[in-house]
Amino acid sequence: MNPHPKGVRARVLLSSVFGPYAQDDEFGSRTINPMELYQNQVTRAQGPFSLRMFHRSWGIMMIQENISAPCTVLDFPTREAFEREVSTGRYDIVGISSIITNVGKVREMCRVTRRISPDSAIVVGGHVAAIPGLEHLIDADQIVRGEGISWMRRYLGEDENAPIRHPHIVSGFGVRSMGIQPPQRPGSTAATIIPSVGCPMGCNFCTTSSFFGGKGKFVNFYETGDELFEVMSEMESSMKVRSFFMMDENFLLQRNRAMQLLGRMKENGKSWALYVFSSANAIRKYTMEELVELGVSWVWLGLESSQSSYAKLSGSNTQELAKELHRHGIKLLGSTIVGLEHHTPENIREEIEEAVAHETDFHQFMLYTPVPGTPLYAEMAEQGRLLEDVDPADIHGQYKFNFQHAAISRDDSKKFLDWAFLRDFERNGPSLFRICRTTLEGWKRYKNHPDPRIRERFQWEVRQLKEAYSACLWAMERRLRKTNEAVSEQIHTLRREIGKEFGLLSRMAASLLGPVLLWTTRREEKRLARGFVYEPPTILERRNWSQA
Ligand code: B12
Ligand code: SF4
């Protein structure tokens, strides 16, 4: 790649792909593929109880923060907003970030840019770059595979090894459930921290691992716990947060870094809460005491079938692990793949039952999906098992297989996937109820802990259980009484326990606010039944703009 002739004087636009997203259209939007984490792939069968929220496009925010050129980030534009910005911004570089599913939108954005700003260099990055032969599918000048900060710095003639500055990222926004948007106070939502990209475990289907180098490889933005501590302290004071969403595919795997962070947290009396992704084998490197001290409050954990042979699960009894985490107040988002090689129509329901029996707080189900760049994709291609006529817009893990499975048909793959979500909801109830249960467990265990750092965190975790959540539980119990008596009964028991623990305040919140929430829940249910969908707003942010 030749550096851009204007270097850091170049005007840069970094854009995510255009919306709206939750609708079927010719550019690759799909109703079942909204720009939402939980509703898309976790709580989608939970109706009005589903947790709804949006997440910014962190990759381009990271790049913007780490270049000195004047730079605009345009997140979630409409097609018209993108076109307007390109035509008025006199950009030297137009960067587009995308995943594979949205390649149709990238093609259109390149076309629009060429038409209205023919002198702009078009740079395309993110996971879409893993598509073989992408250069023949879209009209771009540069296609960037892998880590983008160092690439963009090189392109602008900057020092690619300069320390990484971390942008201020509020982890999620537009939070909504049971038909209301809870009031957001400054600091009430976690800050996102991105310590690394990639994962060295190299599971055969894993696109994040393969995109950043595959087995044995990853890229650290922050090598040490000391560096992480400094970044988190800065977020704490500027964003007034005390909880952190650690966006690292396998945060606990780098034990030295995590333990050094813990050392600094102890020295400085920090009672932070951490939400992390981890593989089961990485968690096993820690005692429960260490996890609690580190403030691990929520873990996203791969729970592939016990019949699978993934190294990340080796030596783990995941059901026992799930129970143990809950006993320590650690909430669990389990992630299970539907349609593994050994699955058949005969055994798959049993395997899903096994996953659901973990009684996680949240459960993500995804289809086994060969995606370009992964070892699984190479293997399927070699065996001639990839289905040729599947639109990339339909390869997102929530629809149907994109390959010939040995025993399960394409149509049945969708039926089993949908059933997994329904079965989880039927057996375990709304995720909001489950997190209340785990939070109470943690509180009871640690409310009198001798370490004030730990006590304080559990006091903080339990703050909403006393009021708002008591009312949510009241409404859930009523709403589910006729449709799922067993879960309604469990919610009732939890509500009584909370009432005993927190007394009059929680009982009053339940009886005063509960009926309002029941009404908003029913209203939301009707709204969703009419086909209402949620879309993120367009966000535009400029940096170093006075230079422009
Ligand atoms: C947050 C997230 C989301 C958010 C999206 C937020 C948004 N605004 O786009 C939500 C939850 C909505 C989401 C949804 C989906 N997601 Co998602 N998501 C992620 C997640 C967890 C983090 C992304 C992130 O910020 N990473 C950290 C940043 C720093 O890394 P990065 O984005 O890769 O960016 C780096 C490089 O790629 C590069 N780069 C990125 N953009 C650009 C642009 C330019 C110009 C350049 C030069 C470089 C560059 O530089 C960055 C710094 O190194 C990743 C997993 C992961 N760990 O990355 C999955 C991931 C990106 N998602 C994925 C998928 C499949 C989906 C869904 C289709 C899944 C589904 N069915 O739910 C939907 C799609 C929704 C839609 N309609 O588009 C896949 C993509 C696979 C692929 N090969 O394309 C990933 C990798 C998860 C996985 N392992 O399968 N997702
Ligand atoms: S452990 Fe998780 S993040 Fe790491 S390679 Fe396997 S699936 Fe990917």
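Shown above is the structure to which this text applies.
**Quick notes on the pattern of salt bridges**
Here comes step 1: Under the criterion given, the structure shown has 42 salt bridges.
Here comes step 2: Across the salt bridge formed by E359 and R427, the nearest N and O atoms sit 2.9 Å from each other. In this pair, E359 is assigned in the loop between helix 13 (348-356) and strand 15 (362-367) and R427 in helix 15 (residues 410-428), connecting sequence segments 68 residues apart.
Here comes step 3: Look at E359 and you get partly exposed, because its relative accessible area is 34%.
Here comes step 4: Overall, the relative accessible area of 29% leaves R427 in the partly exposed class.
Here comes step 5: The shortest N-O distance in the salt bridge between R481 and E477 comes to 3.6 Å.

**With respect to the nonpolar core**
Here comes step 1: With 116 residues, the main nonpolar core has F244 and L274 as its most contacted residues.
Here comes step 2: Excluding residues within four positions of it along the chain, L274 makes contact with M232, F244, M246, F251, L261, L294, G295, V296, S297 and W298.
Here comes step 3: Core analysis: the second largest hydrophobic core is formed by 25 residues, F18, F27, V94 and V371 among them.

**Overview of the environment of S68**
Here comes step 1: Along the chain, S68 turns up in the loop between helix 2 (58-65) and strand 3 (71-75).
Here comes step 2: Judged by its relative accessible area of 34%, S68 falls in the partly exposed class.
Here comes step 3: As for S68 and V8, which are separated by 60 residues in sequence, their C-alpha atoms are 6.0 Å apart.
Here comes step 4: Ignoring any residue separated from it by four or fewer positions in sequence, one finds S68 in contact with V8, E158, N544 and Q547.

**Overview of the site of ligand 1**
Here comes step 1: Close contacts around ligand 1 come from 40 residues, with N33, Q41, S57, S97 and E147 the closest.
Here comes step 2: At 2.9 Å, a backbone N or O of G148 approaches an oxygen atom of ligand 1.
Here comes step 3: A distance of 3.1 Å is found between a nitrogen atom of ligand 1 and a side-chain nitrogen or oxygen belonging to T208.
Here comes step 4: Of all the elements in the fold, those that place two or more residues in the shell around ligand 1 are helix 1 (37-41), helix 2, strand 4 (93-97), strand 5 (121-125) and helix 7 (207-211).

**Details of unusual backbone geometry**
Here comes step 1: For the peptide bond that leads from G19 to P20, omega is 0°, which places it in the cis range.
Here comes step 2: Tracing the chain through its elements places P20 in the loop between strand 1 (12-16) and helix 1.
Here comes step 3: A positive phi angle, close to 50°, is found at E359, a residue other than glycine.
Here comes step 4: Of note, N544 is a non-glycine position whose phi angle comes to about 55°, a positive value.
Here comes step 5: Here N544 shows up in the segment after strand 16 (539-543).
Here comes step 6: In this structure N544 comes out as partly exposed when scored by relative accessible area, which is 21%.

**Considerations on the side chain of H363**
Here comes step 1: On the secondary structure map, H363 appears in strand 15.
Here comes step 2: Look at H363 and you get buried, because its relative accessible area is 1%.
Here comes step 3: Separated by 2.7 Å, the side chains of H363 and T336 make a polar contact.
Here comes step 4: Discounting residues that sit within four places of it in the chain, H363 has contacts with Q41, V42, L303, G334, S335, T336, A355, V356, F421 and D424.

**So, the environment of G499**
Here comes step 1: With respect to the element layout, G499 can be found in helix 19 (residues 485-502).
Here comes step 2: Accessibility expressed as a relative area gives 5% for G499, which makes it buried.
Here comes step 3: Put simply, G499 and I539 are 40 residues apart on the chain and 42 Å apart in space, counted from C-alpha to C-alpha.
Here comes step 4: When near neighbours in sequence (up to four residues on either side) are disregarded, G499 contacts S506 and R507.

**Thoughts on the sheet that holds strand 12 (residues 273-278)**
Here comes step 1: With parallel pairing, six strands are arranged side by side in an open sheet as 8-11-12-13-14-15. Of all strands in the sheet, those with a lone pairing partner are strand 8 (191-193) and strand 15, marking the two edges. Shown here is a sheet whose adjacent strand axes are inclined to one another by a mean of 20°, direction ignored.
Here comes step 2: Two strands pair when backbone bridges link them, and strand 12 and strand 13 (residues 296-302) are joined in this way by five bridges, in the parallel orientation. Note that in strand 13 the partner of F277 across the bridge is W300.

**Focus on the packing of helix 16 (residues 431-446) against helix 18 (residues 468-480)**
Here comes step 1: Viewed as axis vectors pointing N to C, helix 16 and helix 18 meet at an angle of 130°, and their least axial separation amounts to 10 Å. The orientation of helix 16 with respect to helix 18, classified from their angle, is oblique. Of the two possible hands of crossing, helix 16 and helix 18 adopt the one that is left-handed. Residue-level inspection shows L432, F433, I435 and C436 of helix 16 in contact with helix 18, the latter providing Y469, L473 and M476.
Here comes step 2: Here the contact of helix 16 with helix 18 is built from residues that sort into seven nonpolar, no polar and no charged.

**Some points on the packing of aromatic side chains**
Here comes step 1: Summed over the entire model, instances satisfying the criterion amount to 21 aromatic pairs.
Here comes step 2: Taken together through their ring pairs, the aromatic side chains of W58, F245, Y275, F277, W298 and W300 make up a single cluster.
Here comes step 3: The aromatic ring of F18 is capped on one face by K105, whose charged end is 5.3 Å from the ring centroid.
Here comes step 4: Here R255 stacks its cationic end above the ring of Y286, 5.1 Å away from the centre of that ring.

**A closer look at helix 9 (residues 255-267)**
Here comes step 1: For helix 9, which comprises 13 residues, the first-to-last C-alpha distance of 18 Å matches the rise-based estimate of 18 Å (1.5 Å per residue) to within 8%.
Here comes step 2: Among the residues making up helix 9, those that are buried are R257, A258, L261, L262, R264 and M265. Along the long axis of helix 9, the arc covered by the buried residues comes to 165°, so they all point the same way. In this structure, helix 9 carries N256 and E267 as exposed residues pointing more than 90 degrees from its buried face.
Here comes step 3: Positive phi shows up at G269, right after helix 9, with a value of about 60°.

The rules behind these values
- Residues numbered from 1 in each chain as written.
- Chains lettered and ligands numbered in written order.
- Predicted model: local features only at pLDDT ≥ 70, side-chain atom pairs only at ≥ 80, totals over all residues.
- Heavy atoms only, no water.
- Salt bridge = Lys/Arg side-chain N within 4 Å of Asp/Glu carboxyl O.
- Helix = DSSP H or I, 4+ residues; strand = E, 2+ residues; numbered from the N terminus.
- Buried < 20%, exposed > 50% of the residue type's maximum accessible area, 1.4 Å probe, protein only.
- Core = buried A, V, L, I, M, F, W, Y, C linked by side-chain atoms within 4.5 Å.
- Contact = heavy atoms within 4.5 Å.
- Near = heavy atom within 4 Å.
- Polar contact = N/O pair within 3.5 Å; in protein donor to acceptor, adjacent residues only side chain to side chain.
- Pairing = 2+ DSSP bridges.
- Axes fitted to C-alpha atoms, helices over the stretch in contact; angles between N-to-C directions.
- Parallel < 35°, antiparallel > 145°, perpendicular 65-115°, else oblique.
- Left-handed = near helix turned anticlockwise from the far one by under 90°.
- Nonpolar A, V, L, I, M, F, W, Y, C, P; charged D, E, K, R; others polar.
- Phe/Tyr/Trp six-rings, centres within 6.5 Å; stacked < 30°, edge-to-face > 60°.
- Lys NZ or Arg CZ within 6 Å of the ring centre and 35° of its normal.
- Expected span 1.5 Å × (residues − 1).
- Arc of directions from axis to C-beta.

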